[in-house]
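Working through the structure, step by step
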Amino acid sequence: MTPSPWIARWAPLIAPGSTILDIAAGSGRHTRLFLGRGHHVTAVDRDISRLANLESDPGVEIVSADLEDGSAWPLPARRFGAVVVTNYLHRPLWPALFGALEPGGVLLYETFMVGNERFGEPSNPAFLLRDGELLDVAREGGLSVVAYEATMRSDPSPAMVQRLAARRP
Ligand SMILES: C[S@@+](CC[C@H](N)C(=O)[O-])C[C@H]1O[C@@H](n2cnc3c(N)ncnc32)[C@H](O)[C@@H]1O
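It should be emphasised that the depicted structure is a prediction, and the values quoted were computed from it without experimental measurement. (Residues numbered from 1 in each chain as written. Predicted model: local features only at pLDDT ≥ 70, side-chain atom pairs only at ≥ 80, totals over all residues. Heavy atoms only, no water.)

With that out of the way, let us pick up the overall build of the protein chain. Scanning the protein chain for helices and strands turns up four helices and seven strands. Its C-alpha radius of gyration of 15 Å places the protein chain within 12% of the 15 Å reference for a compact globule of 169 residues. Over its C-alpha atoms, taken along the principal directions, the protein chain stretches across nearly 40 × 35 × 35 Å. Taking as baseline every contact in the protein chain between residues at least 6 positions apart, the subset at least 24 positions apart corresponds to 53%. Approximately 8,100 Å² of the protein chain is accessible, and the part contributed by carbon and sulfur atoms is 52%. (Helix = DSSP H or I, 4+ residues; strand = E, 2+ residues; numbered from the N terminus. Rg over C-alpha atoms; globule rule 2.2 N^0.38 Å. Contact = heavy atoms within 4.5 Å. Areas by Shrake-Rupley, 256 points an atom, 1.4 Å probe, with all protein chains shown as cover.)

Quick look at the structure:
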């Protein structure tokens, strides 16, 4: 599956050779993107079946974890050169995501926002960013924002999204 153009665009912001955390990695489209750029990637998802063909790759660590069931954060004390999240939102994770960034580490985030209801799923407010929310939480979390946009994405299908690239000082 094609990587998100936003993630591909800002990937060069990440320090060469640094480690990447791909949250709710799905089929691993961004895990593959960053592997191809020479990074070691830790891919986390509650359903790791779609990552099976990456299992033997020495550049990948696959972590099976439910991030919403109240269990402890699965990667305590681990820090990464970048945290990547796309098409996934679970608000209680903000502190863990920010805390997983090493100094200078980059957060690349893209997910659905209010207004997406007109295009289909997700339409549940729990899975939709509020107006300006991604920008607000990044600033409140002490990140330095490099790029942010709230926009209508047309590919692979119309959707309302917010996108962020930010760095931990
Ligand atoms: C829409 S997919 C996005 C996948 C990937 N980030 C991408 O954009 O290609 C959402 C992913 O979140 C994962 N997910 C949903 N709830 C989860 C949970 N509670 N814990 C961990 N992963 C979860 C799903 O298994 C799925 O792979």
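Mapped onto the elements, Arg9 comes out in helix H1 (residues 5-10). Overall, Arg9 belongs to the exposed group, its relative accessible area being 52%. Spatially, the C-alpha atom of Arg9 lies 9.8 Å from that of Ala165, the residues being 156 residues apart in sequence. (Buried < 20%, exposed > 50% of the residue type's maximum accessible area, 1.4 Å probe, protein only.)

Across the junction of Glu121 and Pro122, the peptide omega takes the value -5°, indicating a cis bond. Within the secondary structure layout, Pro122 lies in the loop between strand E5 (101-112) and helix H4 (133-140). Here the amide bond leading from Asp155 into Pro156 is cis, since omega sits at 10°, within 30 degrees of zero. Examined against the element boundaries, Pro156 turns out to sit in the loop between strand E6 (144-153) and strand E7 (159-167). For Ala24, which is not glycine, the phi dihedral falls at a positive 50°. Here Ala24 shows up in the loop between strand E1 (19-23) and helix H2 (29-36).

Core analysis: the largest hydrophobic core is formed by 30 residues, its most contacted members being Ile23, Val83, Trp94 and Tyr109. Among the elements of the structure, E1, strand E4 (80-86), helix H3 (94-99), E5, H4 and E7 are those that each provide at least two residues to this core. Residues contacting Ile23, with those up to four places away along its chain left out, are Val44, Leu67, Trp73, Val83, Val84, Val85, Tyr88 and Leu97. Ile7, Val41, Ala82 and Ala165 belong to the second largest nonpolar core, which has 21 residues in total. (Core = buried A, V, L, I, M, F, W, Y, C linked by side-chain atoms within 4.5 Å.)

The next subject is the site of the ligand. Close contacts around the ligand come from 14 residues, with Ala24, Arg29, Asp45, Asp66 and Thr86 the closest. A distance of 2.6 Å separates an oxygen atom of the ligand from a polar atom in the side chain of Arg29. Here Thr86 contributes a side-chain N or O atom positioned 2.6 Å from an oxygen atom of the ligand. In isolation the ligand has 600 Å² of accessible area, and contact with the protein removes 82% of it. For the shell around the ligand, a count of residues per class yields five nonpolar, three polar and six charged. (Near = heavy atom within 4 Å. Polar contact = N/O pair within 3.5 Å; in protein donor to acceptor, adjacent residues only side chain to side chain. Nonpolar A, V, L, I, M, F, W, Y, C, P; charged D, E, K, R; others polar.)

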